[in-house]
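Breakdown of the fold
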Amino acid sequence: MHTIALVGNPNSGKTTLFNAITGSNQHVGNWPGVTVEKKEGFFTYKDEKYTLVDLPGSYTLGAFSEDEIVARDFVLKGNPDVVINVIDATNIKRNLYLTIQLLEMGANVVLALNMIDEAKSKKINIDIKRLSERLNVPIVETSASKKIGVDELLKVTVESIGRKTKPLEISYGKYIDQEIVNIQKLLENKDFLYPKRWMAIKILENDREIISLVSSDSEIKAYIDKLREEDKIFELDIVDKRYDYINNITRELIKEPENVLTTTDKFDKVLTSYIFGVPIFALIMATVFQLTFKIGQDFLGGYVESFIGYIATLVENLLISINAPELLVSFISEGFFGGVGAVLVFVPLIVVLYFFLAILEDTGYMARAAYVMDSLMRKVGLQGKSFISMIVGFGCNVPGIMSTRTLENKKDRMIAILINPFMSCGARLPVYMVFIGAFFPKNGGIVLFLIYALGITMALIMAKVFSKTLFKGEETHFIMELPPYRLPSMNSVFRDMWEKVWEFLKRAGTVIFLVVTILWVLSMLPAGVEPYSKESLLGRIGSFLAPIFTPAGFGTWQASVSLFAGIAAKEAIVGTLGMLYSPMDLTEALRMNFTTLSAISYMVMVLLYTPCAATIATVKRETNSAKWALFMAIYTFLLGYIMAVLVYQIGSLFI
Amino acid sequence: MVLTEIKPNCKCKIKNISKGQMATKRLYELGLNTGAEVKVEKNDFGPVILRVYGNKLALGRGLAEQIEVEEVNN
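In what follows, the accompanying structure is described. The shown structure was predicted, so the numbers you read here are calculated from the model rather than taken from an experiment. (Residues numbered from 1 in each chain as written. Chains lettered and ligands numbered in written order. Predicted model: local features only at pLDDT ≥ 70, side-chain atom pairs only at ≥ 80, totals over all residues. Heavy atoms only, no water.)

Describing the pattern of salt bridges
For the structure shown, the criterion picks out 30 salt bridges over all chains. The partner of A:D268 in a salt bridge is A:R368, and the shortest N-O contact between them spans 2.9 Å. On the criterion of sequence distance, the pair formed by A:D268 in helix α12 (residues 263-271) and A:R368 in helix α16 (residues 365-379) is long-range, its members being 100 residues apart. Judged by relative accessible area, A:D268 falls into the buried class, the value being 3%. A salt bridge links A:R413 to A:E622; the shortest N-O distance between them is 2.5 Å. Residue A:R413 is found in helix α19 (residues 410-419), and its partner A:E622 is found in helix α29 (residues 613-623); the two are separated by 209 residues along the sequence. Both residues of the pair, A:R413 and A:E622, belong to the buried class. A single salt-bridge network, built from bridges that share partners, covers A:D265, A:D268, A:R368, B:K39, B:E41, B:R51 and B:K56. (Salt bridge = Lys/Arg side-chain N within 4 Å of Asp/Glu carboxyl O. Helix = DSSP H or I, 4+ residues; strand = E, 2+ residues; numbered from the N terminus. Buried < 20%, exposed > 50% of the residue type's maximum accessible area, 1.4 Å probe, protein only.)

This is how it looks when you write it as structure tokens:
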């Protein structure tokens, strides 16, 4: 089967194009050895099947990040038959910078000139025929979001298979050209898998990957050291020359009107303004949570709850009617429906939250949020871009922590990772919801907003603390693209949302099911004990731990056990509570076992304490250190505990 | 002159960036290389917003102060 690779800048519409070509025929995995996501899909053209590999979006193919290395290694070593390079037609020159590098590698490139409709409405005039001739690559106009040009792109791509190409050779000026030739000579007859001229250029570009690869050869290493001594590393000159080349090629071929005030500019005047920027952002987030609450809980949640209740009764009755063993009935009704069912009730809520987060991302607003937050973030020693990882954390801390990869400097990244768990993820939402339902049925939206606000506040305070203590001195800088505002494509919003909901469902079916099962077994032992009683094994463990939480107001064995179950997965907290109080209605049970104040302190604890196992594992992977993962697990626990105690003790003075 | 001194809606040419290697190369590759003409769209509080080729780029003030430019009259 032929393999086609898809590359392009971030915001070039690459993912939309990938979805438009492969439809639902795709799967997501990981590139071997790294944590970069690998998306692969299939499409059929004229009865033949092709593989399409979506490479990570990047501006360049240097060794700046894992993403870039993955992308260029696939182009060079994965032997794709064709590389489709997606280009934003409204921003051709900058996008061509990546194209030039692909051509220098000798890749068989087809250009997809995407967002062509936008370029036309902006009156950008492109002489496609001549551009194609000068670059010596086929160009197809597309608009992935409107599915324009996709068939034509596939036709041209398939026709290009087997097209003979040779690497583009740009002149980098007499001086650098001479050095390229010198290094090429040294590389000759050496057993490296990359094209020689490309390697020579990369060495002169100070590419750490390639330099460390060739340094195994003492002769070449000595030569590079000599170059360094003579200050002959031409990193920046090479970039300059590539842009010169692009400007030369595109001269007269691209005409764009100057000084037009676009819709994006008009929106930005307000959304990024000094006075309105932050308040609008706060308003948007408050609205998102209010809507999530209204639609996800009050409206949809009710249906799902009665549906699950209906199924539970049905199954239970069925089991009883066929004389199933009592133990099985108990497991199904209390363990499974009491535990996993309690989590499933919140699926609509998660769906709605993810839906809104996907819209914020898709419209381009997320970048503006980072912009307006930059000043505030700077005060705590961070930068605006860190805020994006925080917002992503609202969905789930795992991708939140992974998204810190876009932060160029180590200090920014470490702090952003360490504070991410305070951004309350979707899995913790069910906990607040059951407590809000039991104690604050009237002011749910506000309470929820306050919890999230407390999370953000703690994150900012800890960021400040870390930047003053653990990571002193290092300077941070903010570089971010502000993509044009776009109407979100419902297709990609739903796809994005579905991927995350599916993750949630999978966890409900695996980790949470496992936790609930273990807890159920523990609650049945030792044999003969009354299930779910204080005398059961589970009750004894909980009772042993409970006194720790007495100062925080929730020193019951059920509360303690559920908090520890929550370290496996946050969804398990509600599941565990549901099971432990079963068959009593959870809301009723909470009203009996918590006071309004201890409900608040419990929610504060859940918000701040040790993140779930998956998050801790991600911290270990991303920081490459078990020490940081452990540090994270412990400091968050202490912080959550101290805050919960403070809330309860200070609150007790007033109530 | 440095980038933060340029008024909104004015154009300037990049002369030199005196920042660490990594950041400088990043900026170059994003189109802020020597001689590139950029337009300042916003320069009040917070990051400076530039138009570089077809796209908008926000740069933190600390970084923008390290970018030497030359005003272009139109």
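Considering the environment of A:L349
Tracing the chain through its elements places A:L349 in helix α15 (residues 347-363). Sequence separation of A:L349 and A:L131 is 218 residues, and the distance between their C-alpha atoms is 50 Å.

A word on the interface of chain B and chain A
Counting residues at the interface gives 34 residues for chain B and 37 residues for chain A. At the boundary of chain B and chain A, one finds five salt bridges. For B:R26, the salt bridge is made with A:E68, and the minimal N-O distance between the two is 3.3 Å. Counting every contact that joins chain B to chain A gives 18 residue pairs in polar contact (both at pLDDT 80 or more). Taken together, the elements giving at least two residues each to the side of chain B that touches chain A come down to α1 (21-29), β2 (37-42), β3 (48-52) and β4 (55-59) of chain B. Among the elements that line the side of chain B that touches chain A, the one with the most residues is α1(B), at nine residues. Across the side of chain B that touches chain A, the residue classes break down as 14 nonpolar, nine polar and 11 charged. (Contact = heavy atoms within 4.5 Å. Polar contact = N/O pair within 3.5 Å; in protein donor to acceptor, adjacent residues only side chain to side chain. Nonpolar A, V, L, I, M, F, W, Y, C, P; charged D, E, K, R; others polar.)

Thoughts on the packing of aromatic side chains
Residue and element names in this part refer to chain A. Under the criterion given, the structure shown has 27 aromatic pairs over all chains. Both rings, one in F43 and one in Y50, keep their centres 5.2 Å apart while their planes meet at 20 degrees; by these two values the pair is stacked. The residues F43 and Y50 share a single accessibility class, namely buried. Centroid distance W498 to W502: 5.8 Å. Interplanar angle 25 degrees. Geometry classified as stacked. With W498 and W502 both in helix α22 (residues 490-509), this residue pair falls four residues apart, about one helical turn. For W498, a relative accessible area of 48% translates into the label partly exposed. An aromatic cluster is present here, built from F435, F439, F549, F554, F594, Y602 and Y641 joined pairwise through their rings. Sitting above the plane of the F42 ring, K49 keeps its charged end 4.8 Å from the centroid. (Phe/Tyr/Trp six-rings, centres within 6.5 Å; stacked < 30°, edge-to-face > 60°. Lys NZ or Arg CZ within 6 Å of the ring centre and 35° of its normal.)

A look at the side chain of A:T3
Residue and element names in this part refer to chain A. The residue T3 is located in strand β1 (residues 2-8) in this model. Judged by its relative accessible area of 19%, T3 falls in the buried class. Excluding residues within four positions of it along the chain, T3 makes contact with T51, V53, F74, P80, D81 and V82.

Remarks on a nonpolar patch on the surface
The grouping of A:L630, A:I634, A:L638, A:I642, A:L646, A:I650, A:L653, A:F654 and A:I655 at the surface amounts to a nonpolar patch, some 1,000 Å² of accessible area in total. As for its placement among the helices and strands, A:L630 is situated in helix α30 (residues 626-654). (Patch = residues over 30% accessible without salt bridge, like charges linked within 9 Å, V, L, I, M, F, W, Y side chains within 5 Å. Areas by Shrake-Rupley, 256 points an atom, 1.4 Å probe, with all protein chains shown as cover.)

Description of the nonpolar core
All names here are of chain A. Within the largest apolar cluster, 132 residues are counted, with the highest numbers of intra-cluster contacts made by I419, Y432, F435, F554, L590 and Y602. No other element matches the 12 residues that α15 contributes to this core. Setting aside chain neighbours within four positions, we find Y432 in contact with S424, L448, I451, Y452, M603, V606 and L607. With 87 residues, the next largest nonpolar core counts V109, L204, V239 and L253 among its residues. (Core = buried A, V, L, I, M, F, W, Y, C linked by side-chain atoms within 4.5 Å.)

Regarding helix α28 (residues 596-608) of chain A
Three or four residues apart is the spacing at which side chains of an α-helix point the same way, because the helix has 3.6 residues per turn. All names here are of chain A. The end-to-end C-alpha distance of α28 is 19 Å, a good match for the 18 Å that 13 residues give at a rise of 1.5 Å each. Counting buried positions over the 13 residues of α28 gives 11, a clear majority of the element. Among all positions in α28, only L597, S598, A599, S601, Y602, M603, V604, M605, V606, L607 and L608 are buried. Those residues of α28 that are buried lie in contact with α20 (429-439), α21 (444-468), α24 (537-549), α25 (557-568), α26 (571-581) and α30. (Expected span 1.5 Å × (residues − 1).)

Treat this as a map of the structure, not an account of what it does.
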